[in-house]
Amino acid sequence: MKSGRNEDYKFWKVGSHAIELFSEDFVWQKINYIHNNPVEAMLVRNPEDWIHSSASNYLNGNGILKEVHCLVPPLRSVR
């Protein structure tokens, strides 16, 4: 997306803004959405297969990201 303020392309969409995480269900909705993005983009078959994702930390406690403080309960599948 072209930005009027510079000649380069922007990484984030215009209008991205912080949102309040107002309930546990809403938090899990966002965590699952983030974990499933590489699957939806057809880059991997499973969320935990994306090397830079915390999904593997949620599913089995292992992953390339070592300092992940996972929320309880474990990741729920949204498929």
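Cut-offs and rules
- Numbering of residues starts from 1 in each chain and follows the order in which that chain's sequence is written.
- Totals for whole chains, interfaces and linings use every residue, but because this is a predicted model, local features are given only for residues with pLDDT of at least 70 and side-chain atom pairs only at 80 or more, for both listing and counting.
- Side-chain numbers here rest on the full set of heavy atoms in the structure, without hydrogens or water.
- Numbering of helices and strands starts at the N terminus; helices are DSSP runs of H or I of at least 4 residues and strands are runs of E of at least 2.
- Accessibility here uses a 1.4 Å probe with only protein chains present; expressed as a share of the type maximum, an area under 20% marks a residue as buried, one over 50% as exposed, and anything in between as partly exposed.
- A helix's residues, less one, multiplied by 1.5 Å, set its expected span.
- A residue's bend is given by the angle between axes fitted to the 7 residues ending at it and the 7 residues starting at it.
- Here, residues are in contact when the closest pair of their heavy atoms is within 4.5 Å.
- Patch members must show over 30% relative accessible area and no salt bridge, and they are joined within 9 Å when carrying like charges or within 5 Å when they are nonpolar side chains of Val, Leu, Ile, Met, Phe, Trp or Tyr.
- Note on areas: these come from Shrake-Rupley sampling with a 1.4 Å probe, and a residue is covered only by the protein chains present in the view.
- Throughout this description, the term salt bridge denotes a Lys or Arg side-chain nitrogen within 4 Å of a carboxyl oxygen of Asp or Glu.

### Digging into unusual backbone geometry
Point 1. The residue M42 is not glycine, and still its phi comes out positive at about 60°.
Point 2. Secondary-structure assignment places M42 in the loop between α1 (24-40) and α2 (55-60).
Point 3. According to the relative accessible area criterion, M42 is exposed, its value standing at 73%.

### Structural notes on α1
Point 1. Along its 17 residues, α1 runs 23 Å from first to last C-alpha, staying within 8% of the 24 Å computed at 1.5 Å per residue.
Point 2. When the local axis directions of α1 are compared, the greatest deviation, roughly 30°, occurs at I34, which is followed within four positions by the proline P38.
Point 3. Those residues of α1 that are buried are in contact with α2.
Point 4. In the stretch just after α1, M42 is the one whose phi turns positive, near 60°.

### Points about a nonpolar patch on the surface
Point 1. Taken together, I51, I64 and L65 make up a surface patch of nonpolar side chains, about 260 Å² in accessible area.
Point 2. Given the relative accessible area of 47%, I64 is considered partly exposed.

### What to know about the side chain of N57
Point 1. Mapped onto the elements, N57 comes out in helix α2.
Point 2. With sequence-adjacent residues up to four places away left out, N57 is seen in contact with N62, G63, L65, V68 and C70.

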